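Coordinate inspection notes
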Amino acid sequence: MSKIIGGLTSSHIPSVGSAYARELFEDPYWKPFFSAFPPIHQWLGEKKPDVAIVIYNDHGLNFFLDKMPTFAIGAAFEYENQDEGWGIPTIGKFKGYPEMSWHIINEVMAEEFDVTTCQEMAVDHGFSVPSQLFWGKPDEALVKFIPVCINTVQHPIPTPLRCYKFGQAIGRAVASFQTDEKVVIVGTGGLSHQLDGTRAGFINKKFDLMCMEKIVDDPEYLAHLTTHELVREAGAQGAEFILWLAMRGALQGRVTKLLESYHIPISNTGAGTMLLENV
Ligand code: DHB
Ligand code: FE
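Before going further, it helps to spend a moment on the pattern of salt bridges. Any two side chains of opposite charge can pair, so long as their charged atoms come close to each other. With the rule as written, the count across this model stands at eight salt bridges. One salt bridge connects Lys31 with Glu26, and the closest N-O pair in it is separated by 3.0 Å. We note a salt bridge from Asp66 to Lys67, for which the minimum N-O separation is 3.0 Å. For the pair Asp66 and Lys67, a shared accessibility class is recorded, and that class is exposed.

Given below as C-alpha cells:
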C-alpha cells in the first residue's frame, strides 16, 4: 500500500518563480527565502518519494470566476504551466499519474467529496512555483505529480474544517492505493497577505507564526477557525491557509517538524516553509 511520508509547505508567490528562473538563490534579497530549501532537498534525496500531491489554488488560469469548482483533482498524463507574465521562460510539462489520481478521486467521492475531475489542466504559479522549489524544473523532477485544486478565490470558499477533512480523505485514499509508493503532500500558498482593497499590503506575522506552531500538534484548533476569522487575521488572500490544512489533514496523526522558516520581505506575503515528517 502507498504511504504519505511527509508534508511540505511553501508560499507560491509569483515573484519567486521569476527569481527562481533567474537563479537568484544567493542574492541578498532572496537568500533568506531560498536558504530553507537545501535541507528539504537533502531530505527528499534521502527519502526518495515517488509521488507529489500538490494542494494549491488556481488564480484564474485554468478556472475563472465564471466557473469555479470548490475541489478539483487533476487526472492528466501531464500538466503545463502557462505564461503568467514576468517574462519567465517556458518550463515544460509536469508528469502526471492518472492511475493514482483516479483512485483518489474514486475514494474521496465515496466519502461524499464531490470533486471536479480534470483530464486536462493548466497549472499556474500556485502549483508550479512550489513544485519547482522542491523538485526543480519539470523535466528534472523525480516524482509524478497530482494537482489538487481548492477554491480560495471566489466566495463562498470551503471552510477550514471542510478542507482539513478533505485532506484526511485524501490521506485514506493514498493509504489504500495498491502500489508501495512513497508520497509527499504539499500545502502551498499563504501565509498572511492581502493584495487588494483598503487592507492591501496587510501582513500578520503573529498570526502566521501561531499557524506554523499549531499546524504541527494542534491542527484541529486551526481547522475550527471560521472563514471570516481567517480572512480577518490573515488577509483576503491569506485564506490560502486552507490549503495547508488540507495538507495537514492528509498526514493524519502525529508529525515531527524537521524544518521551519518564515520570511517576510518578499512581495506582499509572509512566506512560510515547513517540512513535516509523518510519525
Ligand atoms: C502574491 C501572493 C500570492 O499568493 C499570489 O497568488 C499572487 C501574488 C504576492 O505576494 O505578490
Ligand atoms: Fe496565491
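Attention now moves to the site of ligand 1. Around ligand 1, the neighbouring residues are His12, Ile13, Pro14, His59, His125, His193, Leu195, Glu240, Ser267, Asn268 and Thr269. His59 is positioned with one of its side-chain polar atoms (N or O) 2.6 Å from an oxygen atom of ligand 1. Within the side chain of Thr269, a nitrogen or oxygen atom sits 2.5 Å from an oxygen atom of ligand 1. Here the residues of the shell around ligand 1 sort into three nonpolar, seven polar and one charged.

Turning to a nonpolar patch on the surface, a few remarks are in order. On the surface, Phe64, Leu65 and Val153 cluster together to form a nonpolar patch covering roughly 260 Å² of accessible area. Note that Val153 resides in the loop between strand E8 (144-150) and helix H6 (160-175). Judged by relative accessible area, Val153 falls into the partly exposed class, the value being 33%.

Attention now goes to the coordination of the iron ion (ligand 2). Donor atoms from the polypeptide that bind the iron ion (ligand 2) are His12 (NE2), His59 (NE2) and Glu240 (OE), placed at 2.0 to 2.2 Å. Each donor residue of the iron ion (ligand 2) lies on one chain, and together they are spaced H-x46-H-x180-E. In this pair, His59 sits in the loop between strand E2 (51-56) and strand E3 (71-74) while Glu240 sits in the loop between helix H9 (227-234) and helix H10 (241-251), placing the two residues 181 residues apart along the sequence. Look at His59 and you get partly exposed, because its relative accessible area is 30%. Overall, Glu240 belongs to the buried group, its relative accessible area being 3%.

Turning our eyes to something else, we now look at the packing of aromatic side chains. Applying the stated rule across the entire model yields 18 aromatic pairs. For the ring pair Tyr29 and Trp30, a centre distance of 5.3 Å and an interplane angle of 90° mean the geometry is edge-to-face. Judged by its relative accessible area of 44%, Tyr29 falls in the partly exposed class. Geometrically, the ring pair formed by Trp30 and Phe34 is tilted, given 6.0 Å between the ring centres and 45° between the ring planes. Of the residues examined, Trp30 reaches a relative accessible area of 7% and is grouped as buried. Taking relative accessible area as the criterion, Phe34 reaches 6% and is therefore assigned buried. The ring of Tyr97 has Lys144 sitting right over it, with the charged end atom 3.7 Å from the ring centre.

Turning our attention to helix H3 (residues 37-47). For H3, the set of buried residues is Phe37, Ile40, Trp43 and Leu44. Projected down its long axis, H3 carries its buried residues within an arc of 115°, all on one side. Away from the buried face of H3 by more than 90 degrees, exposed residues Gln42 and Glu46 are located. One or two residues past the end of H3 sits Lys48, with phi positive at roughly 50°.

Here the focus is a negative patch on the surface. Taken together, the side chains of Glu213, Asp217, Asp218 and Glu220 define an acidic patch exposed on the protein surface. Tracing the chain through its elements places Asp218 in the loop between helix H7 (205-217) and helix H8 (219-223).

Attention now moves to helix H1 (residues 14-21). Of all the eight residues making up H1, six are buried; the element is thus mostly covered by neighbouring parts of the structure. Residues Ser15, Val16, Gly17, Ser18, Ala19 and Tyr20 constitute the buried set of H1.

What follows covers the pairing of strand E9 (residues 182-188). Looking along a regular strand, one sees the side chains alternate between the two faces of the sheet. Within E9, six of the seven residues are buried, which leaves it mostly tucked inside the rest of the structure. Summarising the sheet, strand E1 (residues 3-10) and E9 pair through seven bridges and their orientation is parallel. Within E9, the position partnered with Ile4 by the bridge is Val183. Where E2 lies against E9, five bridges are found, and the strand directions are parallel. Along E9, the bridge assignment pairs Val51 with Val183.

Examined against the element boundaries, Ser131 turns out to sit in helix H5 (residues 125-135). When neighbours within four sequence positions are excluded, Ser131 is seen to be in contact with Val54, Phe94, Gly136 and Phe145.

Structurally, the position occupied by Thr188 is in strand E9. You can call Thr188 buried: its relative accessible area is 0%. In contact with Thr188, not counting residues within four places along its chain, are Ser10, His12, Val54, Ile55, Tyr56, Gly126, Pro130, Glu240, Leu243 and Trp244.

Cut-offs used in this document
Residues numbered from 1 in each chain as written. Chains lettered and ligands numbered in written order. Predicted model: local features only at pLDDT ≥ 70, side-chain atom pairs only at ≥ 80, totals over all residues. Heavy atoms only, no water. Salt bridge = Lys/Arg side-chain N within 4 Å of Asp/Glu carboxyl O. Buried < 20%, exposed > 50% of the residue type's maximum accessible area, 1.4 Å probe, protein only. Near = heavy atom within 4 Å. Polar contact = N/O pair within 3.5 Å; in protein donor to acceptor, adjacent residues only side chain to side chain. Nonpolar A, V, L, I, M, F, W, Y, C, P; charged D, E, K, R; others polar. Patch = residues over 30% accessible without salt bridge, like charges linked within 9 Å, V, L, I, M, F, W, Y side chains within 5 Å. Areas by Shrake-Rupley, 256 points an atom, 1.4 Å probe, with all protein chains shown as cover. Helix = DSSP H or I, 4+ residues; strand = E, 2+ residues; numbered from the N terminus. Donors = N, O, S within 2.8 Å, 3.2 Å for Na, K, Ca; no water. Phe/Tyr/Trp six-rings, centres within 6.5 Å; stacked < 30°, edge-to-face > 60°. Lys NZ or Arg CZ within 6 Å of the ring centre and 35° of its normal. Arc of directions from axis to C-beta. Lys, Arg positive; Asp, Glu negative; His and termini not counted. Charge placed at Lys NZ, Arg CZ, Asp CG, Glu CD. Pairing = 2+ DSSP bridges. Contact = heavy atoms within 4.5 Å.

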